Amino acid sequence: MSSSVLWYATRATGLVALVMLSATTVLGILTANRATSPRWPGFALQDLHRRISVITMGFLACHIVTSVIDTYVHIGWASIVVPFASSYKRVWVALGSVGVDLLLAVAVTSWLRPKIRARTWRAVHWLAYLSWPVALSHSFGMGTDMGQSWVIGLVLCCIAAVLGAALWRLWLAARRKRRALVFVPVHHRPAGVPVKHISA
Amino acid sequence: MPSATDTRTDPFITDAAHDRATLLGGWRAQRNPDLRSHLAWHGAPPLPRPGDATWPERFAATIERSGLSGRGGASFPSAVKLEQVRSARRGGSVVVNAMEGEPASAKDKVLLSYVPHLVLDGAELAACALGATQIVVCVAPEHPDIAAAVRRAVAERVPSALAPVAVEVRCPPGRYVAGEESALVSWLNGGPGAPSWRPDKRNPLMIGRGPALVHNAETLAHMALIARYGPASFRAAGAPDAPGTSLVTVSGGVDHPGVYEVALGTTLGAIVDQARPTSGVAAVLTGGFGGAWVGAGALGTPYAPAPMAAAGGVVGAGVLVVLTRRACGIAETARVAHYMAGQSTGQCGPCVFGLPAVAEDLERLAAGCDDPGATARLGRRVATVDGRGACRHPDGVARMVRSAMAVFARDAALHGAGQPCAFRDEPSVLPAILGSGKATR
Amino acid sequence: MRSVAETVIKVNPIACQAYGYCAELLPELVTLDAWGYPIVDGGPVPRHLVELARRAAKDCPRRAFLLEKARIRQAPTGD
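Residues numbered from 1 in each chain as written. Chains lettered and ligands numbered in written order. Predicted model: local features only at pLDDT ≥ 70, side-chain atom pairs only at ≥ 80, totals over all residues.

### Concerning the overall build of chain B
Then step 1. Regarding its fold elements, chain B presents 17 helices and 12 strands.
Then step 2. Relative to a compact globule of 441 residues, whose C-alpha radius of gyration would be 22 Å, chain B shows 22 Å and is just as compact.
Then step 3. Overall, chain B is about 75 × 45 × 35 Å in size when its C-alpha atoms are taken along their principal axes.
Then step 4. Counting every position in chain B, which comprises 441 residues, the buried fraction comes to 57%.
Then step 5. Pairs at least 24 apart in sequence give 73% of the contacts found in chain B among residues at least 6 apart. (Helix = DSSP H or I, 4+ residues; strand = E, 2+ residues; numbered from the N terminus. Rg over C-alpha atoms; globule rule 2.2 N^0.38 Å. Buried ≥ 20, exposed ≤ 12 C-beta atoms within 10 Å, placed from the backbone. Contact = placed C-beta atoms within 7 Å.)

### Looking at the domain arrangement of chain B
Residue and element names in this part refer to chain B.
Then step 1. Split into domains, chain B comes out as domain 1 (16-236), domain 2 (239-324) and domain 3 (329-416).
Then step 2. Measuring from the centre of the C-alpha atoms in domain 1 to the corresponding centre in domain 2 gives 24 Å.
Then step 3. Along the lines of polarity and charge, the residues of the side of domain 1 that touches domain 2 split into 8 nonpolar, 8 polar and 5 charged. (Domains from an automatic or database assignment. Nonpolar A, V, L, I, M, F, W, Y, C, P; charged D, E, K, R; others polar.)

### As for the sheet that holds strand β3 (residues 167-170) of chain B
Hydrogen bonds along the backbone pair up the strands of a sheet, which may run parallel or antiparallel.
All names here are of chain B.
Then step 1. Read from one edge to the other, the open sheet built from 5 strands follows the order β3-β2-β1-β5-β4, with strand pairing classed as mixed. The sheet terminates laterally at β3 and β4 (206-207), the two strands that pair on one side only.
Then step 2. Each of β1 (93-98), β2 (134-139), β3 and β5 (210-216) is contacted by helix α6 (residues 116-130), which is oriented at about 155° to β1, the strand it contacts most.
Then step 3. Helix-sheet contacts for helix α8 (residues 181-188) involve β1, β2, β3, β4 and β5, and the interaxial angle to β5 is about 130°. (Pairing = 2+ DSSP bridges. Axes fitted to C-alpha atoms, helices over the stretch in contact; angles between N-to-C directions.)

### Remarks on the packing of helix α3 (residues 90-111) of chain A against helix α4 (residues 118-142) of chain A
Residue and element names in this part refer to chain A.
Then step 1. Look at α3 against α4: their axes get within 8 Å of each other, and the N-to-C directions meet at 155°. As the angle between them shows, α3 and α4 are arranged roughly antiparallel. Here the hand of the crossing between α3 and α4 comes out left-handed.
Then step 2. Residue composition of the contact of α3 with α4, grouped by class: 16 nonpolar, 9 polar and no charged. (Parallel < 35°, antiparallel > 145°, perpendicular 65-115°, else oblique. Left-handed = near helix turned anticlockwise from the far one by under 90°.)

### Let's talk about the packing of helix α3 (residues 55-66) of chain B against helix α9 (residues 217-229) of chain B
Residues and elements named next belong to chain B.
Then step 1. With their axes 10 Å apart at the nearest point, α3 and α9 run at an angle of 105° to one another. Classified by the angle their axes make, α3 and α9 are roughly perpendicular. Contacts from Phe59, Thr62, Ile63 and Ser66 in α3 reach Met223, Ile226 and Ala227 in α9.
Then step 2. Per-class residue counts for the contact of α3 with α9 are 5 nonpolar, 2 polar and no charged.

### Observations regarding unusual backbone geometry
Then step 1. We note that Arg34 of chain A has phi near 55°; this positive angle belongs to a residue other than glycine.
Then step 2. Here Arg34 of chain A falls in the partly exposed class, since 15 other C-beta atoms lie within 10 Å of it.
Then step 3. Non-glycine residue Ser75 of chain B carries a positive phi angle of around 55°.
Then step 4. Positionally, Ser75 of chain B belongs in the loop between α3 and α4 (78-88).
Then step 5. For Ser75 of chain B, a count of 19 C-beta atoms within 10 Å translates into the label partly exposed.

### Quick notes on the nonpolar core
Then step 1. Ranked by size, the top nonpolar core spans 140 residues in total, and within it Val96, Val119, Val139, Val284 and Val358 of chain B carry the most contacts.
Then step 2. Those residues within four positions of Val284 of chain B in sequence are excluded, and the remaining contacts are Leu268, Val272, Val294, Leu320, Val321, Val322 and Leu323 of chain B.
Then step 3. Among the nonpolar cores identified, the runner-up in size contains 23 residues, and Leu18, Ile64, Val134 and Val162 of chain A belong to it. (Core = buried A, V, L, I, M, F, W, Y, C linked by C-beta atoms within 7 Å.)

### A closer look at the confidence of the model for chain B
Residues and elements named next belong to chain B.
Then step 1. Scored by pLDDT, chain B comes out at a mean of 87, with 93% of its residues at no less than 70.
Then step 2. Segment residues 1-17: pLDDT under 50, and 28 contacts once partners within four positions in sequence are set aside and those in other chains are kept.
Then step 3. Across residues 434-441 the pLDDT falls below 50, and counting only partners more than four positions away or on other chains, this stretch makes 12 contacts in the model.
Then step 4. The complex model carries a pTM of 0.87, and its ipTM stands at 0.88. (pLDDT = per-residue confidence, 0-100.)

Here you go:
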């Protein structure tokens, strides 16, 4: 396959993957915010989140494969998951590797969700939040299309959407009373029965 | 801290020969909780000889013949519980549950202060039956003298070979539900001490890798008596389907609050009269803060699980709070509900949100709100919380409030029509409940 | 009386965080109380709703909505 076709494919699938990742991140935050409506019940939002995540992984896979088999620059197979293994734009590709690692962890734990502890799944899923700024920096750093105004516009929309949803989540979390394991402090315990008699 | 400055002879155990087979008889005779007095009165506990392989079976059979049921609140047949844990796995632990989170109960504190060796005998016997490797006595840390008394008793036994299984004393934080079995085991396992969801209670609780037999302190004390004196002496007191004696804590509008050892089957009124009510009895809160109110008409009911349940009451952990006529039942119920709402561990939504709502409804009713729908709304809210938590905490509150609505129906109707009663501001007869205002959340 | 293996719904009240997906998917069997927590009866799930019940169990974000097989005693038909 001609190198420039691969190069266009890498850039295109990368951009789409970034947009999809932003979309699924926003949807994930919306489910946590319980942003349901009669037309969009909670289970539907969650379903959409899951499906778009799968689509994201699909585009990400294409993006990775096309970038590696393109021989114009050398990005070895190892650098898909190992950061700093590429000789071309070491740091920015490394960010991409980190992003892939994070998303792989999320994908595997979600696939194995019935078998693993709920706490483990949630901890890994929180790491997924990190994958978005990592992917974003990777896109900026690789820089190929970042000069074009429509790309900048698209990326700014993604940033606005994710940041907006995240701020809304933080605001809700601060406002909602946390249903944590809060006990009445022990010194509030009643004095007990004054035992004046023991029948014996 | 209970102080037995004035005791009275127990009118319910009249046969002198059976006097030995009572929980508090030893205290009356010896006036000393130490090991020497205990052995002088009861003799050595019938611990198994090393290598006796049939002893666990025989012990289990003895307990079954006695018909002993748990004295911690659920009245579950002790032989069945023992068998469940025995068949799980050898080894494990025996947990002596003396947490007594119920504010109106003092019987376990009394047992551990005055006859600790009887409880420890029972624990050692149960441990031998299970092949357990440890015994853990759990007491609330608010009463450091109780923990100290138990530690002293444990220390006394070690040199005299009466402790084949090592005993440890632990102090989980003393909240209301801390004595719930799964909560206790959770804490002993290093967890937060909150109840767990147990859809199938037949699976025994585990501490580490071994099964745990959790028994109320009084139940183990009875086991020690049964092992010594035989099932027949246990059954000599009480009724055929509810044998033995039981410790009851009577408090409230009485002159002589305290712990009484009664034969099951004695009438409720006779027990209450022992404690000298200050004036006419209007109602009794039976079973504790999560139990049920009964009216004066139920005073003739025999005090045993089945007859009490038929009369709308609860034996539970042997708690009776007497309400005299100079008190407002609705106001007292509101105070109890408020306390119980604050004692939720915060794990289950219906309990966390529902109990404070119920307490608030009761408080408004007690204050005399002009709301004809108040009673119906309260009934609906109570139905919402009943059975919807992981443990029985909301169930107990639901039961208690429903019984209050039935027993104090007339008062509820008057309050709902805007009339608070004259006794609303009387000091509460409930054990002093500290901490005002809403539960910390 | 025969006993039949039926699917019943059990809710783990500790895990439940009132997402409400179960009530959205199974309004016939699940109602929400005033605070958003599910009220289910412990009875057998009708045949035609078992698929939806399985989906609700899979979709619950906290795995609090559970399906179990229980043996329910049934009176012989024709009574």
